[in-house]
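Below, each chain spelled out in residue letters.
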Amino acid sequence: QDLLSNPHDEALYNHYAISQLARVDLGGGVEWIAEAAVYRRAEPSPDGRYLLIETIGKPYSYTLPESRFPRRIEVRDLAGRLVHRVADLPLQDQIPIAFGSVATGPRSVGWRSDADAELAWSEALDGGDGASEAELRDRVFTLAAPFGGAPVPLIELSQRFGGITWGDDDLAFVSSWWWKTRNMKVWRVRPGERDKAPELIQDRSWQDRYNDPGTPLMRRNAAGRPVMLTADDGRTLFLRGDGASPEGDRPFLDAWDVASGETTRLFRSQAPHYESPVDLVDVAGRQLLTRRESQEDPPNYFLRDLASGELAQKTFFPNPTPQLEGISKELIRYERADGVQLTATLYLPADYDKDRDGALPLLLWAYPNEFKDKDAAGQVTDSPYRFTRVYWGSPMLFLTQGYAVLDDAAMPVLGEGEEEPNDSFVEQLVASATAAIDTVVAMGVADRERIAVGGHSYGAFMTANLLAHSDLFRAGVARSGAYNRTLTPFGFQAEERSLWEAPEIYFAMSPFMHAEKVDEPILLVHGAADNNSGTFPMQSERMYDALKGHGATARLVMLPHESHGYRARESLMHLLWETHQWLERYVKTAAPREAAAASAAGQ
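Residues numbered from 1 in each chain as written. Predicted model: local features only at pLDDT ≥ 70, side-chain atom pairs only at ≥ 80, totals over all residues. Heavy atoms only, no water.

Caption draft 1: Structural view of the nonpolar core. If you look at the biggest cluster of nonpolar residues, it comprises 61 residues, and the most contacted ones within it are L362, L364, L406, F473, I522 and L547. Not counting residues within four places of it along the chain, the set of residues in contact with F473 comprises L364, A433, I437, I451, A452, V453, L466, L467, E520 and R593. (Core = buried A, V, L, I, M, F, W, Y, C linked by side-chain atoms within 4.5 Å. Buried < 20%, exposed > 50% of the residue type's maximum accessible area, 1.4 Å probe, protein only. Contact = heavy atoms within 4.5 Å.)

Caption draft 2: Highlighting the sheet that holds strand β23 (residues 300-305). Taken in spatial order, the 4 strands line up as β21-β22-β23-β24 in an open sheet, and their pairing is antiparallel. Of all strands in the sheet, those with a lone pairing partner are β21 (274-282) and β24 (311-313), marking the two edges. If you compare each strand with its neighbour and ignore which way they point, the axes differ by 30 degrees on average. Note: β21 against strand β22 (residues 287-293), 7 bridges, orientation antiparallel. Paired with D282 across the bridge in β22 is Q287. (Pairing = 2+ DSSP bridges. Helix = DSSP H or I, 4+ residues; strand = E, 2+ residues; numbered from the N terminus. Axes fitted to C-alpha atoms, helices over the stretch in contact; angles between N-to-C directions.)

Caption draft 3: Molecular detail of the pairing of strand β12 (residues 183-189). Counting buried residues along β12, 6 of its 7 residues qualify, which places the element largely inside the surrounding structure. Once strand β11 (residues 171-178) ends, the chain turns through 4 residues before running back antiparallel as β12, passing R182 with a positive phi of about 60 degrees. The pairing of β12 with strand β13 (residues 199-205) spans 6 bridges and is antiparallel. Bridge pairing links R188 to E199 in β13.

Caption draft 4: Highlighting helix α1 (residues 7-17). Of the residues making up α1, those classed as buried are E10, Y13 and N14. Viewed along the axis of α1, the buried residues span an arc of 100 degrees, placing them on a single side of the element. In α1, the exposed positions that point more than 90 degrees away from the buried face belong to H8, H15 and Y16. In the core, the buried residues of α1 are packed alongside β1 (18-24), β2 (30-44) and β3 (50-56). One side-chain oxygen at the N-terminal end of α1 lies 3.0 Å from the backbone nitrogen of H8; it belongs to N6. (Arc of directions from axis to C-beta. Polar contact = N/O pair within 3.5 Å; in protein donor to acceptor, adjacent residues only side chain to side chain.)

Caption draft 5: Structural context of helix α7 (residues 537-549). Taking 1.5 Å of rise per residue, 13 residues should cover 18 Å, and α7 covers 19 Å from first to last C-alpha, within 8% of that figure. On its buried side, α7 packs onto α5 (458-469), β33 (522-527) and β34 (554-559). Phi for G551, located one or two positions after α7, is positive at around 80 degrees. (Expected span 1.5 Å × (residues − 1).)

Rendered as structure tokens:
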């Protein structure tokens, strides 16, 4: 949507993007640095003596985004004089399409946070091709001021470089990842002792939330750069994590012994609150700043004494949505027919009484996710004790209109071993939705005859597929979706195969190809200026045409000037009105299916 398309676009891009670096003193004096250019970034070294500058050059591309344009990465002094050229990268139009592919040459170039002026970056060892067989994928280098020598290797990786967390000369963490296996590794390196072999301290699936050990707490050093927070003369650091568990997320803080790798738990959130560590404001006294909330209490900041457990509230933010006071929230668990464990969060309106009010109309809101491991697919991903926050597109708004809401209903798409998740995408989608509906109906809170499904982006794609391949729902709300996968032929989401490699998968997964099967009302909403690479506005326009051509009940709403998410007040209010009208007409007041079918036959 936003690619350059002609010389006028190029001129306009230059007009807005060209800038001039300047040094401004506290008295307001301005000293110009270097020449005017299209600067992508300019970052001072920690000691303030150098600038790491990245500029965009020509030729510009009409088929690739700005991130692929030619780039020059340089170190300059504060007068703008060239000190060292790190890389002169051409237009990146030859990166292979395989997942895990990268550009050749230096990438992820940045300053080492714990050194005065030392660069760090990675380079591909496999030609950047994620589909190639290679024992080593990436090598990480550093180069210190005055940048005259050869780059010094820090570590070689069998996976793609994921980043560095700096501590000091004796402590840094380097992460790597590989998409095909969903594996991530974290290595401890000693930047000041390159002859010492890296130590593997983490080796797991990043989708395995239950075994996530957490990430280090950081502090700002004298140069204002983030480095790992340590105690006991560097012998201890602190790990903060979500604490995912079968009973939900329970954030924690651990002390990690650098020498032994052993951890000591300092804090873990306890029901009925959700309390997450923010920072250790006093390492010696173990004074922990936390963000604490519950179903009834909005998030606020507290100072917690880890020795005594004493809490002191520091902020007093009120409930931003008193209209939702009294709603109930419950994390429910259920099982899919193939044994995969699922979860969802069930919300019920304030003052709802099942005995008095009976089963309610329900809006199911979800977003599919792909997994390579059955256990990871069934893990709980939320907490029952979090405060309910709403945003412009939140389904919880309909709690005020008499609906029950099943939010974040798990829709895992599993492909273990050699199988790909999308080999049985539709079947798994329908199975997950069936299990969710059966559960809430059995609880007595949802009326099977009045259930709607909705989602945004890939959730909209899910919505259209569920309406095409099942009769579980009375209506659907699909926002900013893609419905014809042949328009994203080089892969989408977690699908690695191209259209030409797996045409049957692209056809089976595209609700556009099954538009004749959609016999429930569907509301399609799209931003007219959607710049997400797969969800062109044409996706909704063509889906609407296909539906209407087959006599379906459908409505298309194009929001002017909106992108993949919506922002203007007029757009958001109209979105709510359209959604409310659709649900009221086709869900809440809908006649039972048999009566509706008989009425249609009589007409």
